[in-house]
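Read off the chains here:
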Amino acid sequence: MGLSRTATNFALDCVAFVALLAVLWSRMVTYVVVPPPVAGEPPIRLWGLGHAAWDAMNFWITMAFAVIVLVHLILHWTWVSQFVHQRVKRWTNSRAVLDSGTQTIYGVGFMILVFVVVGGLLAVAAVAAKPM
């Protein structure tokens, strides 16, 4: 017997909250407890892991959190698209009605735009980065 939609959403929200706490905690460990090594000083380690390992762990926890947020958006996509559509209609005084297929196409287009912008910014950063 599967979970109800409400139970599934609650479980996902709980997992997202725990993942967010893990991201915040691991970032604070990386920044405050195990900072980058300073020349001439012994490196600080926590539970056998140095700054680089904690930084890598923070990266992967953050990526897991991003996936959880994407799943959350996917599960709530109908609500999100209807909410945005209603607001746009109100702002533009439009009476247009969009079917779910059109809303999905707009949503997929928006997500592609987001990924292109983020990927473009990452490419610009990669090109602009210079060794010290």
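Before any of the text, the structure's been laid out above.
Residue indices follow the written sequence of each chain, beginning from 1 at its first position. Only residues with pLDDT of at least 70 get local features here, since the model is predicted, and only at 80 or more are side-chain atom pairs given and counted; chain-wide, interface and lining totals rely on the full set of residues. Side-chain metrics rest on all non-hydrogen atoms present in the structure, leaving aside hydrogens and water.

Draft legend 1. View of the side chain of His51. Each helix corresponds to a stretch of at least 4 residues labelled H or I by DSSP, and each strand to a stretch of at least 2 residues labelled E; elements are numbered beginning at the N terminus. One can find His51 in helix H2 (residues 51-75). What qualifies as a polar contact is a pair of N or O atoms within 3.5 Å, subject to a donor-acceptor requirement within protein and to the restriction that residues adjacent in sequence count only when both atoms come from side chains. At 2.8 Å, the side chain of His51 and the backbone oxygen of Val34 are in polar contact. Residues within four places of His51 in sequence aside, it is in contact with Thr30, Val34, Pro35, Pro36, Pro37 and Ile44. By the convention used here, residues are in contact when the closest approach between their heavy atoms is within 4.5 Å.

Draft legend 2. Looking closely at the environment of Ala16. Looking at the element boundaries, Ala16 is found in helix H1 (residues 5-33). Under the scheme applied here, a residue whose accessible area is under 20% of the maximum for its type counts as buried, over 50% as exposed, and between as partly exposed, the area being computed with a 1.4 Å probe on protein chains only. Classification of Ala16 by relative accessible area gives buried; the value is 16%. Distance from Ala16 to Val67, taken between C-alpha atoms, is 9.5 Å for residues 51 residues apart in sequence.

Draft legend 3. Focus on H2. For H2, spanning 25 residues, the distance from its first C-alpha to its last is 36 Å, which sits close to the expected 36 Å at 1.5 Å a residue. Restricting attention to buried positions, one finds in H2 the residues His51, Trp54, Asn58 and Ile68. The inward-facing, buried residues of H2 abut H1. Take the number of residues in a helix, subtract one, and multiply by 1.5 Å to get its expected span.

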